[in-house]
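Listed below, chain by chain, are the residues.
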Amino acid sequence: MNVNNKKIAIVIMMSLIVTACNKSLDMPPDGRVSLNQIFSDYDLSRGYLNRCYSYMPYGGTVGDYAMSYNGTLLASFSDEAEDVQNSQSGGLQNWYLGNVSASAFPMADYWSQYYEGIRACNIFLKGIEDAAFVKKRPALAGEVQGWKAQVLVLRAFYYWQILKRYGPAPVISQSLDDQHDFSQYKRPPFSECVDSVIADCDKAIADGLMWQIGLGQEGDRGSMTRAVAYAIESEAALYAASDLWNTSAAKDEQWRRAALLTGKALSECLANGYQLFTEMPSGEVLASSQSAYQTFFFSHSDPARIRDKETILECKNQLTIWRDAALPVNNGAVKAGACPSQEIVDAYEMADGHSPFMLDNNGSVIYDGVSPRINTASGYDPDHPYNNRDPRLAATIYFNGALLDFTNPGSALQVYNNGNCGVSYSDQRYTRTGYYLRKYHNNRSNISNQADGYMKIFRLAELYLNFAEAANEAYGPVATVPGISGPVATALAAVNTVRSRAGMPAFDATGSLTQSGFRARYRNERRVELSFEQHRFFDVRRWKILEKTDQQITGMNISRKPDGTFNYANARFSVDSRRSNATRFLLFPLPFAEVSKMERYTGANWQNPGW
């Protein structure tokens, strides 16, 4: 074995040992290699940097960022979808029935996962501070400074994933040993937690964190860049200002701060080459896509940002929509997975920008039973419900008559009774709602050709929308945000940029566009643009509208008439009446074991309300 291979083997061995070991990470992992030895060696230190990255979500696996329970998307836990596992006893059915507890919760234990990641980051930051190999080779100081900046952003990311799920959590910014006194720990205010996240990102940026790590090659994918730091700040600042957490007397001040931070994040990314993906399909892609928006979601980003300038961070593993959220006509399909709800379908506007249905103040369609209140001025035709709609509907959802292959008129899907993709109440290969997920799915993808897309953790369109929300809440839809300059400095401009890429008309800028009116339209726009991207679940919680949105899930069970037309008028039906919209569902419960442990240490009950 040559020297380099031997060093690589040691790094791999150490990673396995440290992962499996129950002892403090500050102690020698196996009695042979101490942390002092690790941070005295360049290759071993680089190996520990990789360990810090190892807690990042990879996507496409059970319990990971993209898949939440038994291979389903987080959308199935929101009003975006009803999962085919609704008829099976277990975690997801229990969620729908409201029968979950802290000790029987169907999501992954993100609390422990990400605190382990934070601990690894703290150990690295402490150990690398006086790394002996840097003193011997001063030329490496710049590279090591870059490592520290990346780890600061990793720590911020891990901490933010805890906060958005569990609420306030202790800020641990130092390496701890087994003798550490936890008795004085408490759950600090949410704003204080967010300040810690933003502080780590700001320090990484100030320390010279790069916009691109390495040469932009495949091995550099998933690195913590300056854009990732800004994206974390943008999302964290927005959540902190939202209704769930912004309960202080200084509510307006929080929104002004969020407007400034989200605006800065957006403008910095725009000034450094980030753009919305606008590559129109051509060649063989024409069979799979009709728009840049659709192509974007089954494309793989390139770390050098030559082709894809929108993705900021995506999961490493490819999604398997063709198998786990599949059409029954897909070769190798196992289940229909997260079946889009009628509610998300109804959210898509008409192509001219009118809502086909009446909306409430939160941007949600108003229903009488299972029937929406039609906006008669919109031109919506109940007998042809998918005609003349926002192009993002056809790019995101398979519905009756949708073409599997856009170049083949004979590939229209038969999502009706006795059709090849009709509703079933028992067979997991068939939809529960009358719809299937198209986003991320390349029609060429199957058991022998995995061509589906990758879950986007952060992308530029979210930054536009984060800024639009904060700017409107702080200053209204058309006012310029103080301190923000560049091409986008108002809420209206930000939303209209996103809509323009989608081929949708701009929001009207007349005086009739009030702050509350913009809020309702914006929330619907965010719901549509970011559908099935892990946002809706959290948005309805931070807006505190979960009680209204996650009640009834409806679908479309279509019958075909003898003349070949379809009966849509009486096809709407109730799929599920959810019981997972009580106040306690606003936050995840802390893991039962962690609550018990912290009660022993501190004498306080750390559990979230209602759990």
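The notes below deal with the structure included here. No experiment lies behind these values; they were computed from the predicted model shown.

### A look at the overall build of the protein chain
Move 1: When helices and strands are tallied, the protein chain shows 20 helices and 14 strands.
Move 2: Computed over the C-alpha atoms, the radius of gyration of the protein chain is 25 Å, within 12% of the 25 Å expected from 2.2 N^0.38 for a compact globule of 611 residues.
Move 3: Its C-alpha atoms give the protein chain principal-axis dimensions of about 80 × 55 × 55 Å.
Move 4: Relative to its full complement of 611 residues, the protein chain shows a buried share of 59%.
Move 5: Residue pairs at least 24 apart in sequence account for 69% of intrachain contacts in the protein chain once pairs closer than 6 positions are excluded.
Move 6: Accessible area for the protein chain stands at about 23,900 Å²; split by element, carbon and sulfur atoms hold 49% of it.
Move 7: Averaging the positions of the 60 positive and the 63 negative side-chain charges in the protein chain gives two centres separated by 3 Å.

### A look at the packing of helix H15 (residues 460-475) against helix H17 (residues 515-529)
Move 1: Closest axis-to-axis distance for the H15/H17 pair is 10 Å, and the angle between their directions is 165 degrees. The angle between H15 and H17 places the two elements in the roughly antiparallel class. Between H15 and H17 lies a crossing of left-handed hand. Counting all contacts with H15, which are made through Ala-461, Glu-462, Leu-465, Asn-466, Ala-468, Glu-469, Asn-472, Glu-473 and Ala-474, the residues of H17 involved are Gln-515, Phe-518, Arg-519, Tyr-522, Glu-525, Arg-526 and Glu-529.

### Here's the deal with the side chain of Ser-76
Move 1: You can see Ser-76 is positioned in the loop between strand E2 (72-73) and strand E3 (81-83).
Move 2: By relative accessible area, Ser-76 is classed as buried at 0%.
Move 3: If near-sequence neighbours (up to four positions away) are discounted, Ser-76 is found in contact with Ala-81, Asp-83, Leu-92, Tyr-96, Ala-338 and Arg-578.

### Some remarks on the packing of aromatic side chains
Move 1: Applying the stated rule across the entire model yields 45 aromatic pairs.
Move 2: Arranged with centres 6.5 Å apart and planes meeting at 55 degrees, the rings of Phe-124 and Trp-147 form a pair that is tilted. Placement of the pair is Phe-124 in helix H5 (residues 110-129) and Trp-147 in helix H7 (residues 141-166), with a sequence separation of 23 residues. This pair shows no difference in class: Phe-124 is buried, exactly as Trp-147 is.
Move 3: When the ring of Tyr-166 is compared with that of Phe-588, the centres are 5.6 Å apart and the planes differ by 85 degrees; the resulting orientation is edge-to-face. Taken as a pair, Tyr-166 in helix H7 and Phe-588 in the loop between strand E14 (572-577) and helix H20 (592-602) lie far apart in primary sequence, 422 residues in all. Each member of the pair Tyr-166 and Phe-588 is classed as buried.
Move 4: Between Lys-164 and the ring centre of Phe-538, over which it is positioned, the NZ or CZ distance is 4.6 Å.

### Looking at the state of the cysteines
Move 1: Tallied over the full model, the rule gives zero disulfides.
Move 2: Cysteine Cys-121 remains unbridged, with the sulfur of Cys-52 as its closest cysteine sulfur at 4.4 Å.
Move 3: For Cys-121, a relative accessible area of 0% puts it in the buried group.
Move 4: Among the cysteines around Cys-269, which has no disulfide bond, Cys-201 carries the closest sulfur, lying 12 Å off.
Move 5: Its relative accessible area of 0% is what places Cys-269 among the buried residues.

### Points about the packing of helix H9 (residues 226-241) against H15
Move 1: At a minimum axis distance of 10 Å, the contact between H9 and H15 shows a crossing angle of 35 degrees. Between H9 and H15 the crossing geometry is left-handed. Every residue of H15 that contacts H9 at Ala-231, Ser-234, Glu-235 and Leu-238 is listed here: Glu-462, Leu-463, Asn-466, Glu-469 and Ala-470.
Move 2: Its residues assigned to classes, the contact of H9 with H15 shows four nonpolar, two polar and three charged.

### Section: the pattern of salt bridges
Move 1: Enumeration according to the criterion identifies 37 salt bridges in this entry.
Move 2: Notably, a salt bridge pairs Asp-346 with Arg-572, separated by 2.9 Å at the nearest N-O pair. Taken together, the residues Asp-346 in helix H13 (residues 342-347) and Arg-572 in strand E14 connect sequence positions 226 residues apart. Comparing Asp-346 with Arg-572 shows no difference in burial state: the two are buried.

Cut-offs used in this document
Residues numbered from 1 in each chain as written. Predicted model: local features only at pLDDT ≥ 70, side-chain atom pairs only at ≥ 80, totals over all residues. Heavy atoms only, no water. Helix = DSSP H or I, 4+ residues; strand = E, 2+ residues; numbered from the N terminus. Rg over C-alpha atoms; globule rule 2.2 N^0.38 Å. Buried < 20%, exposed > 50% of the residue type's maximum accessible area, 1.4 Å probe, protein only. Contact = heavy atoms within 4.5 Å. Areas by Shrake-Rupley, 256 points an atom, 1.4 Å probe, with all protein chains shown as cover. Lys, Arg positive; Asp, Glu negative; His and termini not counted. Charge placed at Lys NZ, Arg CZ, Asp CG, Glu CD. Axes fitted to C-alpha atoms, helices over the stretch in contact; angles between N-to-C directions. Parallel < 35°, antiparallel > 145°, perpendicular 65-115°, else oblique. Left-handed = near helix turned anticlockwise from the far one by under 90°. Phe/Tyr/Trp six-rings, centres within 6.5 Å; stacked < 30°, edge-to-face > 60°. Lys NZ or Arg CZ within 6 Å of the ring centre and 35° of its normal. Disulfide = S-S within 2.5 Å. Nonpolar A, V, L, I, M, F, W, Y, C, P; charged D, E, K, R; others polar. Salt bridge = Lys/Arg side-chain N within 4 Å of Asp/Glu carboxyl O.

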